[in-house]
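A closer look at the structure
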Amino acid sequence: LQMLKYETVFVNDPTLTEEENEEIIRMVDEIVTSEGGTVHKIERWGKRRLAYPINKKDAGYYLVVECVASGGALDELERQLRLADDVVRHKLIRLPDAEAERRGMAVSA
């Protein structure tokens, strides 16, 4: 089974506490590991201004998660992020192999 490299950027409600943001990170970590993947890196970019208002909010708390998982393993993560009221926006992309290697994510299965 080939392991693919992914990057997820999500923007949380800016009114969340640090603990509530950490809870979302724990949820992401649990889903990825339960599907047989691993979280490579978590970056907390913090509160930033949005390019345009979303749900009447003009700021959001940005988080970036890099992970390695098999194809289709992150469907549940996508579903949970869509359902989470505190996640204003999210984007899950598969990283090209060259970019994943550049980031030190060269995990071969």
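Model, not experiment: these values are computed from the prediction.

In terms of nonpolar packing, the biggest core is built from 19 residues, with Y6, F10, V28, V32, L74 and L77 touching the most fellow members. Mapped by element, the contributors of at least two residues to this core are β1 (3-12), α1 (18-34), β3 (57-70) and α2 (75-83). Among residues more than four places away in sequence, those in contact with F10 are I24, V28, Y61, Y62, L63, V65, V87, R89 and H90.

Once that is clear, we can look at the sheet that holds β3. Reading across the sheet, the 4 strands line up as β2-β3-β1-β4 and stay open at both edges, with antiparallel pairing between neighbours. Each edge of the sheet is formed by a strand with only one pairing partner; in this case those strands are β2 (38-54) and β4 (87-94). Neighbour-to-neighbour, the strand axes of the sheet open up by a mean angle of 20°, direction not taken into account. Direction of pairing for β1 relative to β4: antiparallel, over a ladder of 7 bridges. Bridging from a neighbouring strand, Y6 pairs with R94 of β4. The sheet strands contacting α1 are β1, β2, β3 and β4, and the helix crosses β3 at an angle near 25°.

About the thresholds
Residues numbered from 1 in each chain as written. Predicted model: local features only at pLDDT ≥ 70, side-chain atom pairs only at ≥ 80, totals over all residues. Heavy atoms only, no water. Core = buried A, V, L, I, M, F, W, Y, C linked by side-chain atoms within 4.5 Å. Buried < 20%, exposed > 50% of the residue type's maximum accessible area, 1.4 Å probe, protein only. Helix = DSSP H or I, 4+ residues; strand = E, 2+ residues; numbered from the N terminus. Contact = heavy atoms within 4.5 Å. Pairing = 2+ DSSP bridges. Axes fitted to C-alpha atoms, helices over the stretch in contact; angles between N-to-C directions.

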